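Okay, here's what each chain looks like letter by letter:
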Amino acid sequence: MRYLLVGNAPINGMEASIRDADVIIQTNKCLHVDLIPREKTKYVVITNTGTPSKKVVRHVRKLTARKKLGDFSLVFARNEAYSEEKIRRLKAAAKGFFSFFRSYRSFRCPLDKKAIAAEFKLIEIDADFSAELDKRLMALGMKEDQLPSTGLIAFEWIKTLMRSGDHLEPIGFTHQGWDGHPWSIEAQLVRPYTQE
């Protein structure tokens, strides 16, 4: 099985990778949806942090209505229970990231998961996976007040689905952006898979 994980950076010249993939995983707003056969997208992995997720769900709903996406599962990358526990821990330790969460209320807006589950096949990555990923990233140098990007969570989660002989290729990732993510560590983990 060939898995292709597609980020939001340009993917020009990747036609062969798209053609050869059995399963395509898109992230957040699926910016390259017009380049990807609808039947190949099996997972759309989005952040799960309130208002940003609500916007992405609305966007995915439009893509579905326009028949840009076929039979896929919507995957919430950030486990809500684990995120809340991390916020409590950072608050108790007076870490800077909690201040960001407190000042940016949209990170705490609840999602109507029942309504979303009535509309999409819904998967929420579990709290144990989230905790273990944070632990591994912190062992590599991620600060406690950072968190992995949606793309890295998707990358690590898809690896748990793979079997012997399967291949995973990430495309469209620059490992740059918001400083709440540990980009250099993410690049160390992902780049070896782009050279297979």
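For the structure, see preceding data.
Here we summarise the structure given alongside this text. As the structure is a computational prediction, the values presented were derived from the model and not from experiment.

Some remarks on the packing of aromatic side chains
Part 1 of the reasoning: Tallied over the full model, the rule gives three aromatic pairs.
Part 2 of the reasoning: Each ring, one from Phe 72 and one from Phe 120, has its centre 5.8 Å from the other, and the planes form 45 degrees; the classification is tilted. Residue Phe 72 is located in the loop between helix H2 (51-65) and strand E4 (73-76), and its partner Phe 120 is located in the loop between helix H5 (113-119) and strand E5 (121-124); the two are separated by 48 residues in the primary sequence. Here Phe 72 and Phe 120 have matching classes, each one buried.
Part 3 of the reasoning: Ring geometry for Phe 155 and Tyr 193: centres 4.9 Å apart, planes at 90 degrees, overall edge-to-face.

A word on the nonpolar core
Part 1 of the reasoning: Of all hydrophobic cores here, the largest spans 23 residues; its most connected members are Tyr 3, Ile 25, Tyr 43, Val 45, Trp 157, Ile 158 and Leu 168.
Part 2 of the reasoning: Sorting the residues of this core by element identifies strand E1 (2-6), strand E2 (23-27), strand E3 (41-46), helix H6 (127-139), helix H7 (150-161) and helix H8 (183-190) as the ones contributing at least two each.
Part 3 of the reasoning: If one sorts the elements of this core by residue count, H7 sits on top with six residues.
Part 4 of the reasoning: Setting aside its immediate chain neighbours within four residues, Trp 157 contacts Tyr 43, Val 75, Ile 123, Ile 125 and Phe 129.

Notes on the pattern of salt bridges
Should their charged atoms come close, side chains of opposite charge can pair.
Part 1 of the reasoning: Tallied over the full model, the rule gives eleven salt bridges.
Part 2 of the reasoning: Salt-bridge contacts for Arg 61 lead to Glu 119; the nearest nitrogen and oxygen are separated by 2.7 Å. Separated by 58 residues along the polypeptide, Arg 61 in helix H2 and Glu 119 in helix H5 bring together distant segments of the chain.
Part 3 of the reasoning: The partly exposed category is assigned to Arg 61, whose relative accessible area is 34%.
Part 4 of the reasoning: In this structure, the salt-bridge partner of Glu 124 is Lys 113, at a minimum N-O distance of 3.0 Å. With Glu 124 in strand E5 and Lys 113 in helix H5, this pair connects stretches of sequence that are eleven residues apart.
Part 5 of the reasoning: Since its relative accessible area comes to 32%, Glu 124 is described here as partly exposed.
Part 6 of the reasoning: Within this structure, Glu 80, Lys 113 and Glu 124 form a network of salt bridges that share partners.

How each quantity is defined
- What you see as residue numbers is a count from 1 along each chain, following the sequence as written.
- Where local features are concerned, this predicted model is filtered to residues with pLDDT of at least 70; where side-chain atom pairs are given and counted, the filter is 80 or more; whole-chain, interface and lining totals use all residues.
- By convention in this description, side-chain values take in all heavy atoms of the structure and omit both hydrogens and water.
- Stacked, tilted and edge-to-face are the three classes applied to pairs of Phe, Tyr and Trp rings, where Trp contributes its six-membered ring and a pair requires centres within 6.5 Å; stacked means planes under 30 degrees apart, edge-to-face means over 60, and tilted covers the rest.
- By the criteria applied, helices consist of DSSP H or I runs no shorter than four residues and strands consist of E runs no shorter than two, each listed in order from the N terminus.
- Using a 1.4 Å probe on the protein chains alone, a residue whose accessible area is under 20% of its type maximum counts as buried, one over 50% counts as exposed, and one in between counts as partly exposed.
- The term nonpolar core refers to a set of buried residues drawn from Ala, Val, Leu, Ile, Met, Phe, Trp, Tyr and Cys, joined through side-chain atoms within 4.5 Å.
- Residues count as neighbours in contact if any of their non-hydrogen atoms are within 4.5 Å of one another.
- Throughout this description, the term salt bridge denotes a Lys or Arg side-chain nitrogen within 4 Å of a carboxyl oxygen of Asp or Glu.

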